[in-house]
Every structure is written in C-alpha cells, then in structure tokens.
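Geometric and topological summary
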Amino acid sequence: MKSYFLKPDAGKTAIELREAPTPEPGPGQILLRMRAAGLNRGELIVGHSVKPGGAAKPAGAEGAGEVAKLGQGVSGFAAGERVMGRCAGAFSEYSLIDAREAVKVPANLSWEEAACLPLVFCVVHDMLIGQGKLRAGEWLLVTGVSSGVGVAALQTAKALGAKVIGTSGSDEKLAKLKTLGLDLGIRTRAGDFADAVMKATEGKGANLVVNNVGGSVFPETVRALAFEGRHATIGYVDGVLKCELDIEALHTKRLTLFGVSNRLRSPEQRATSVRGLVADILPLVAAGKIRPLIDRVFPFAELPAAKDYMESNAHLGKIALTAP
C-alpha cells in the first residue's frame, strides 16, 4: 500500500511517499480502508511529533474510513461501517485504529468532515468540558482562533451557551468567524489584547483561556483572566517555550493553569476523552449544531502541497486529505 512518512530533515519535517505492507489488526484493533484524513500542525513540528535525528514515522494522526477487518476481541463494529478516530499513519491506504478510540460516523458528515473531527474535538472536549469546566454565560478567550482547534473551540463553546473572544492576525478570518458566533474578534498576533478583553467583559476578564499560540502571548492571557479563571495551553506555534509567569496574579486571582496533550497519556486515558466526545459533543454534531469547518481538501498525491498551505497560515479551520 502507499503510505506517507514523516522524517526530521535539517530542523524541519520532510514528507516522503513509500510502499509499505498493509498492516494486520492485532487484538483490540480495527483495520480501516482510509477515505480521508485531517492534517494537523503539531505533527509537522520536529520535537513535537518526530524526534530530531530519529527514524521516519508514519504520517497522519486522524482520519475516517470503512472497516476492512476486525482484530481479535473487537465487537460493536461490522465490515464496511464508516468509522472515524485518531489513528497513527492516517495518510495511507489502510490504517490501524484502537477500537477504544473508534467512533461511528454520523450520517450527516462527509468523509472529509469526519476525518477532521476526532483529534480537535477530543482536545476541545478535554480543555472546555473535561478540565475547563466551561459553563453557559461564561467568557472564553481563544488566541489563534482561526486554527482548526480554535474554530472547533468556538463552535463548541457557542453550543454550550458561552460567549467567545478570539484573536487572529486576519480581519477577513475574524469576519468569517462572526458568522459562527464569534462575539468579539481582536486583530492581533501580539500580546496586546488584555485591555480589549477586560472592556468586553465589563472588567471581569475571561473565565477560560485557550492558548493556541504559545509563550509570546502567555503573560497577556494571564492578564486577561478573571477571578478563578482557567488557562489551557494547547500549543506553541510561535516556538516560544519559556516566558514570565505573574505569580501574584496566579495567587490573588486563584487561577488554574493546565496543559492539553495526549503525548504522555495511556491508551485508556485517551479512550476516556473519546467517550466524552461521544457523550457530549457527537449529539451536537448529529443535530447539526456543530459541523467541522473544512478550509480546503487536497488529493492524496498532494500532501506536500497541503503541508505548504498549512505552513502559509492561509487556512481557516481544517485541511483535509482524500485517500487514494
């Protein structure tokens, strides 16, 4: 089968297409005939997904396809069923998925929409519901709101009845997100938005922050938090991994700071997020209240072009790849 691999190359992540054997599902696994996959920025960052100087690894972290074969002990799925989920090597003709992370695709989603749902919405469930405890009427601040995770956070927060402030360097993207319910868009890529957040929230601040950007805006997100506010760190696309922390603000405002990552979680812990997705978010998807926003779809052979497009920061929402 044809399969893409990621490998570190002079500090960057290179992509190469290889012929690889079709995998066999082991106990508790499902073999999927892939139909589409979602492209995510994190897997392209050396040190985040691939190790500097390390061996090449299968590319792709989420996708959707038809059940081709069931491993020993797997029940509840049948050959030919439409399934989506997080799966290593999603940019392939066939991919294995842990049955605990496999989710049946709602009938109202296309292959591309289904492929772009599992990873970001599991992350969103973790940071908005699981750890963030976002409630109706509260304010959510999302830095880099036009990213895939940012748009998913906006959609989910609005479905939960929250109010959302987002930052982006593009007026055009912010205007488009207004149609999805964005209450306030702040055009900036710098850490200069706390005053605007305070004004919009009548001096109280944001109850929950989702920081997609990284350390360059971290001090400002802390400034923008309300009393007993919660702060989720989901990424660091700016490459800034160290910054100042206002200990006085952390102390006096009784803040909660938490990270959102699956790298060190056990399979059962990851499966817990999937169950939360199925229970709390999938009904909203099936009802049409949430729908993955696809910016552009690339054919399988054009994955390098899709990678370049993502790195140009021109997209709004998710980028999908159709399987061969």
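Of all hydrophobic cores here, the largest spans 46 residues; its most connected members are M84, F121, M127, L128 and L140. Where this core is concerned, the elements lending two or more residues are α1 (111-115), α2 (118-130), β9 (139-143), α3 (148-159), α4 (171-178), β12 (206-211) and α8 (267-286). Among the elements that take part in this core, α2 stands out by supplying 8 residues, more than any other. Ranked by size, the runner-up nonpolar core spans 26 residues in total, among them Y4, F77, M310 and I319.

Enumeration over the complete set of coordinates arrives at 2 aromatic pairs. Seen in terms of ring centroids, Y4 and F300 are 4.9 Å apart; in terms of plane orientation they differ by 50°. Their pairing is tilted. Within this pair, whereas Y4 is found in strand β1 (residues 2-9), its partner F300 is found in the loop between β15 (294-299) and α9 (303-311), the two being separated by 296 residues in sequence. Summarising the burial analysis for this pair, Y4 and F300 share the class buried. Ring geometry for F298 versus Y309: centroids 5.9 Å apart, planes at 50°, classification tilted. Of this pair, F298 sits in strand β15 while Y309 sits in helix α9, and the two are 11 residues apart along the sequence. According to the relative accessible area criterion, F298 is buried, its value standing at 3%. Here Y309 falls in the buried class, since its relative accessible area comes to 17%.

A few words on the side chain of T201. For T201, the position within the fold is in the loop between α5 (194-200) and β12. Residue T201 is classed as buried on the basis of its relative accessible area, which comes to 3%. Among all residues touching T201, those that are not within four sequence positions of it are W139 and I165.

Next up on the list: the pairing of strand β11 (residues 184-187). In terms of strand pairing, strand β10 (residues 163-168) meets β11 through 4 bridges, oriented parallel. The partner of I165 across the bridge, within β11, is L184. As a crossover connection, the stretch from β10 through α4 into β11 is right-handed.

Side-chain pairing between opposite charges can occur once the charged atoms of the two side chains come close. This structure, assessed with the given rule, holds 21 salt bridges. We note a salt bridge from E172 to K176, for which the minimum N-O separation is 3.6 Å. Residue E172 and its partner K176 are both found in helix α4; the two are separated by 4 residues, about one turn of the helix. Residue E172 is classed as exposed on the basis of its relative accessible area of 54%.

Bringing the sheet that holds β9 into the picture now. One open sheet accounts for 6 strands, arranged β11-β10-β9-β12-β13-β14; its pairing is parallel. If you trace the sheet from one side to the other, it starts and ends with β11 and β14 (256-259), each paired once. Direction aside, neighbouring strands of the sheet carry axes that sit 15° apart on average. Sheet topology note: the β9/β10 ladder contains 5 bridges and is parallel. In the sheet register, V142 faces β10, and the bridge partner there is G166. Taken strand by strand, α2 contacts β9, β12, β13 (225-233) and β14, and its axis lies near 160° from that of β12. Sheet strands in contact with α4 are β10 and β11, and its direction is about 175° off that of β11.

Attention now moves to unusual backbone geometry. For residues other than glycine, phi is negative in most cases, and the peptide bonds are mostly trans. Residues other than glycine seldom take positive phi values, yet E202 does so here, at roughly 60°. Positionally, E202 belongs in the loop between α5 and β12. Judged by its relative accessible area of 70%, E202 is exposed. Within the chain, R254 stands out as a residue other than glycine whose phi angle is a positive 55°.

Cut-offs and rules
Residues numbered from 1 in each chain as written. Predicted model: local features only at pLDDT ≥ 70, side-chain atom pairs only at ≥ 80, totals over all residues. Heavy atoms only, no water. Core = buried A, V, L, I, M, F, W, Y, C linked by side-chain atoms within 4.5 Å. Buried < 20%, exposed > 50% of the residue type's maximum accessible area, 1.4 Å probe, protein only. Helix = DSSP H or I, 4+ residues; strand = E, 2+ residues; numbered from the N terminus. Phe/Tyr/Trp six-rings, centres within 6.5 Å; stacked < 30°, edge-to-face > 60°. Contact = heavy atoms within 4.5 Å. Pairing = 2+ DSSP bridges. Right-handed = clockwise from strand over helix to strand, strands pointing away. Salt bridge = Lys/Arg side-chain N within 4 Å of Asp/Glu carboxyl O. Axes fitted to C-alpha atoms, helices over the stretch in contact; angles between N-to-C directions.

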